[in-house]
Amino acid sequence: MSILAAFMVPHPPLIVPEIGQGREDEVRETIRSYETVAGEIADLRPETIIITSPHSVMYSDYFHISPGYAAKGSFSDFGAPQVTFEVDYDVSLRERICQLAEEEDFPAGTMGERSPGLDHGTMVPLWFIRQKLDNFKIIRIGLSGFSLADHYHLGELIQEAVEASGRRVVFVASGDLSHKLQKYGPYGFAPEGPEYDRRIMDVAGRGAFGEMLEFDENFCDKASECGHRSFVIMAGALDGRTVTAKAYSHQDVTGVGYGICSFYPGEKDGERHFRELYLEEQEKKAAERNGNSDAYVKLARRSLESYILRRETIHTPEGLPPEMYSRRAGAFVSIHKEGRLRGCIGTILPTEDSLAEEIIQNAISASTRDPRFDPIRPDELSLLEINVDVLGAPEDIDSPDELDVKRYGVIVSCGGRRGLLLPDLEGVDTVEEQISIARKKGGIRPDEKIKLQRFEVVRHI
């Protein structure tokens, strides 16, 4: 049996009367829509409700599925300890999801439980549902730092597990929209905030799940959205089926966006395998970029592909521009996948006999030794975007006034600690941000005295 229906819902504790104490009247439209959705869920009589929550356990490199047989929680953190929850987990369905993930070495499972208590991203939907329905089990799933396509694929695995189980299952994607909709809101205003809410409500209202994968990560960060990855997992759980979509309401009166939508799956539709279509398009774009890349980037790609596929370090090839043989310089190799950083390592000053050798070694390091990421896998190679930055000599400066985020990179030093940030990076718009990030990379506190250096780069794409 396929998933009966899926629902996109917010989770502001304010809308629970014991917490709102009358303030919930500000979002009465959202409450009415929530009550309608809860009634629809009750009418479906699900045995299990799968809830994805941004406030469950979250790792950068793993999808956490809550373990155990049951869980408890309360709204004590929000001044209402009398509102409590006790839920049973659907152990057998959860085990089937984990088994499917393990079979294809997909990073999802029950390891790493940090907080067994239910989070408010789970409890707010449950508060409304249990007004209409009792005697159901849940599965609680957190988000991760992986790409949107990976979140969608987790949804595909969930769909496969549900269909094999024969369970009556409803999917609840918990998540607020932008947190930057009003100047008086808790997070202030950003122009990306209203734009995010407009786009996601339009996409959800049309059931155009493929467009969810096209949201730029930097745009989402600036909008300070909460639930996008939750919605994408839900979309994956309905992969390959027509959907009847309905948008019930959207409110932004608190400065945070609350949207409620429903999705009822229909017949199978081979044109709605959106992750496959998205990856095919990304591969085409990567092939075009590769064909237009210069010798520096092509050398970096050749180096990392050789090492990842065969564990071989290439020799410096013939036919490169003369500068790459004669010049010694520091160089950074940056790797992105689907718009997200996947690895970046380089050298400030030259460590090899030629620039070509510098690029060969740094490409290997960026793809397999960046401590922030797992080594790049062979199946990812066709989706990678690679840049090579060749650094000019660092020069000392006396003031941040001598920096320009578009033109100069910065090196921040304090004793033996040092942090570097390249110039012209997406999302870094001010010198203050540039210095702050470099401080953090070097483990240098904001109150410590620093030495500043700047450098220019030639970026190869």
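Student: Tell me about empty space enclosed by the protein, and please be specific about residues and values.
Tutor: One pass over the full model with this rule turns up one cavity of 30 Å³ or more. Taken as a whole, the largest cavity holds about 40 Å³ of empty space. Elements represented by at least two residues in the lining of the largest cavity include exactly helix H2 (28-44) and helix H4 (120-129). Looking at the lining of the largest cavity, the element that brings in the most residues is H2, giving four residues. Here the lining of the largest cavity is composed, by residue class, of nine nonpolar, no polar and no charged.

Student: Can you tell me about the layout of surface pockets, naming the residues and giving the values?
Tutor: Size it by volume and the second largest pocket reaches roughly 240 Å³. In this structure, the second largest pocket is lined by 14 residues; those nearest its centre are Pro-12, Pro-13, Asp-176, His-179 and Tyr-258. A breakdown of the residues in the lining of the second largest pocket according to their chemical character gives eight nonpolar, five polar and one charged.

Student: Please provide a residue-by-residue account of unusual backbone geometry, values included.
Tutor: Positive phi, normally seen in glycine, also occurs at Ser-224, with a value near 55 degrees. For Ser-224, the location among the structural elements is in the loop between helix H8 (217-223) and helix H9 (228-237). Residue Ser-224 is classed as partly exposed on the basis of its relative accessible area of 21%. You will see that Glu-338, though not glycine, has its phi angle at about 55 degrees, which is positive. Summarising the element assignment, Glu-338 is placed in the loop between strand S11 (331-337) and strand S12 (340-346). You can call Glu-338 buried: its relative accessible area is 12%.

Student: Got a sec to walk through the environment of Val-297? Specific residues and values, please.
Tutor: Here Val-297 lies in helix H11 (residues 295-310). Beyond its immediate sequence surroundings of up to four residues, Val-297 is in contact with Ile-386, Asn-387, Val-388, His-460 and Ile-461.

Student: Please provide a residue-by-residue account of the sheet that holds strand S8 (residues 169-174), values included.
Tutor: The sheet built from six strands is open, its strands ordered S7-S2-S8-S1-S10-S9 with mixed pairing. In this open sheet, the two strands that pair with only one neighbour each are strand S7 (137-141) and strand S9 (241-251). Strand-to-strand twist of the sheet, defined as the mean angle between neighbouring strand axes without regard to direction, takes the value 15 degrees. Sheet analysis places strand S2 (residues 48-52) next to S8, joined by five bridges and oriented parallel. Note on S8: the bridge partner recorded for Thr-52 is Ala-173. In the packing of H2 onto the sheet, contacts are made with strand S1 (5-9), S2, S8, S9 and strand S10 (258-268), and the angle to S9 comes to roughly 150 degrees. Packing against the sheet, helix H3 (residues 91-103) makes contact with S2, S7 and S8, and its axis sits at approximately 30 degrees to S7.

Rules of the game
Residues numbered from 1 in each chain as written. Predicted model: local features only at pLDDT ≥ 70, side-chain atom pairs only at ≥ 80, totals over all residues. Heavy atoms only, no water. 1 Å grid on protein atoms, 1.4 Å probe; cavity = no way out; pocket = protein on both sides within 12 Å on 5 of 7 lines; lining within 4 Å. Points joined across faces, edges and corners; volume = space filled by probe spheres on them. Helix = DSSP H or I, 4+ residues; strand = E, 2+ residues; numbered from the N terminus. Nonpolar A, V, L, I, M, F, W, Y, C, P; charged D, E, K, R; others polar. Buried < 20%, exposed > 50% of the residue type's maximum accessible area, 1.4 Å probe, protein only. Contact = heavy atoms within 4.5 Å. Pairing = 2+ DSSP bridges. Axes fitted to C-alpha atoms, helices over the stretch in contact; angles between N-to-C directions.

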